[in-house]
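Below, each chain spelled out in residue letters.
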Amino acid sequence: DAKTTQPTSMDCAEGRAANLPCNHSTISGNEYVYWYRQIHSQGPQYIIHGLKNNETNEMASLIITEDRKSSTLILPHATLRDTAVYYCIVRSGFNDYKLSFGAGTTVTVRA
Amino acid sequence: GAGVSQSPRYKVAKRGQDVALRCDPISGHVSLFWYQQALGQGPEFLTYFQNEAQLDKSGLPSDRFFAERPEGSVSTLKIQRTQQEDSAVYLCASSNPTGNSPLHFGNGTRLTVT
């Protein structure tokens, strides 16, 4: 059973912020939200993860709602090189060592 | 620093041949994973090692698939008597099992069975 729901695809304008939504309504208290992306012909690339607080790094920001049932990945200034499939994944903090990928969101950044 | 390295990058095999795919994890990473990715799909878990111990092989699709990591570093995924349905990208990832460490993936081996 899928733990997350993401839109199949979305377009973004170059230079603008890209906001990628993810629903994870059945998330439990010890589960983290992870985001990966996969650019064509490359392996998945780790972006960011969080438990309940908002997180920011050099690549993106992760906003998790207070009830933790959904989150948004924000790419602050999308570039053409951000075109990729983005995966939102829920992973246990303790014994779920593996990542279970869904279909992800195909994000196309347009000039 | 060096990331996860996989070789070969591309492999073409005739149906029935055996293949061996190699993964060099990030130095010092205890955990190692193999995934299979069919065209247009997300990666699917195959197997997991912690050091040399194979702790989970629940994702291996058949007994033709075998993975090993004898010295707890380099790993090899072997597929015997390849079939056309084995055509996919095989991804390797490594991580530290401390806390909630992310997996770091290589760029995969694209296997085509003709």
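### Points about the packing of aromatic side chains
- Scanning the model with the defined rule gives 12 aromatic pairs over all chains in all.
- One aromatic cluster is present, formed by Tyr34, Tyr36, Tyr46, Tyr87 and Phe101 of chain A together with Tyr35, Phe45 and Phe105 of chain B through successive ring pairs.
- The ring of Tyr10 of chain B has Arg9 of chain B lying over it, and the distance from NZ or CZ to the ring centre is 5.6 Å.

### Re the interface of chain A and chain B
- Chain A puts 19 residues into the contact, and the matching count from chain B is 20 residues.
- Summed over both partners, the interface of chain A with chain B comes to about 1500 Å²; 49% of that surface belongs to carbon and sulfur atoms.
- Run the count over chain A and chain B and you get 1 salt bridge.
- With its nearest N and O atoms 3.6 Å apart, the salt bridge here joins Asp56 of chain B to Lys98 of chain A.
- At the boundary of chain A with chain B, the tally comes to 6 residue pairs in polar contact (both at pLDDT 80 or more).
- Among the elements of the structure, strand E3 (31–38), strand E4 (45–50) and strand E8 (84–92) of chain A are those that each provide at least two residues to the side of chain A that touches chain B.
- If you tally residues by element for the side of chain A that touches chain B, the top one is E3 of chain A, at 4 residues.
- Here the residues of the side of chain A that touches chain B sort into 9 nonpolar, 8 polar and 2 charged.

### As for the sheet that holds strand E7 (residues 70–75) of chain A
Residues and elements named next belong to chain A.
- Reading across from one edge, E2-E7-E6-E5 is the order of the 4 strands in this open sheet, with antiparallel pairing throughout. With partners counted over all chains shown, the strands left at the sheet margins are strand E2 (18–23) and strand E5 (55–56), one partner each.
- In this structure, strand E6 (residues 61–64) lies alongside E7, joined through 4 bridges in antiparallel fashion. Looking at E7, one finds that Ile64 is bridged to Ser71.

Reading the values: the criteria
Residues numbered from 1 in each chain as written. Chains lettered and ligands numbered in written order. Predicted model: local features only at pLDDT ≥ 70, side-chain atom pairs only at ≥ 80, totals over all residues. Heavy atoms only, no water. Phe/Tyr/Trp six-rings, centres within 6.5 Å; stacked < 30°, edge-to-face > 60°. Lys NZ or Arg CZ within 6 Å of the ring centre and 35° of its normal. Contact = heavy atoms within 4.5 Å. Buried area = accessible area lost by both parts, 1.4 Å probe. Salt bridge = Lys/Arg side-chain N within 4 Å of Asp/Glu carboxyl O. Polar contact = N/O pair within 3.5 Å; in protein donor to acceptor, adjacent residues only side chain to side chain. Helix = DSSP H or I, 4+ residues; strand = E, 2+ residues; numbered from the N terminus. Nonpolar A, V, L, I, M, F, W, Y, C, P; charged D, E, K, R; others polar. Pairing = 2+ DSSP bridges.

Function cannot be read off these values alone, since they describe shape.
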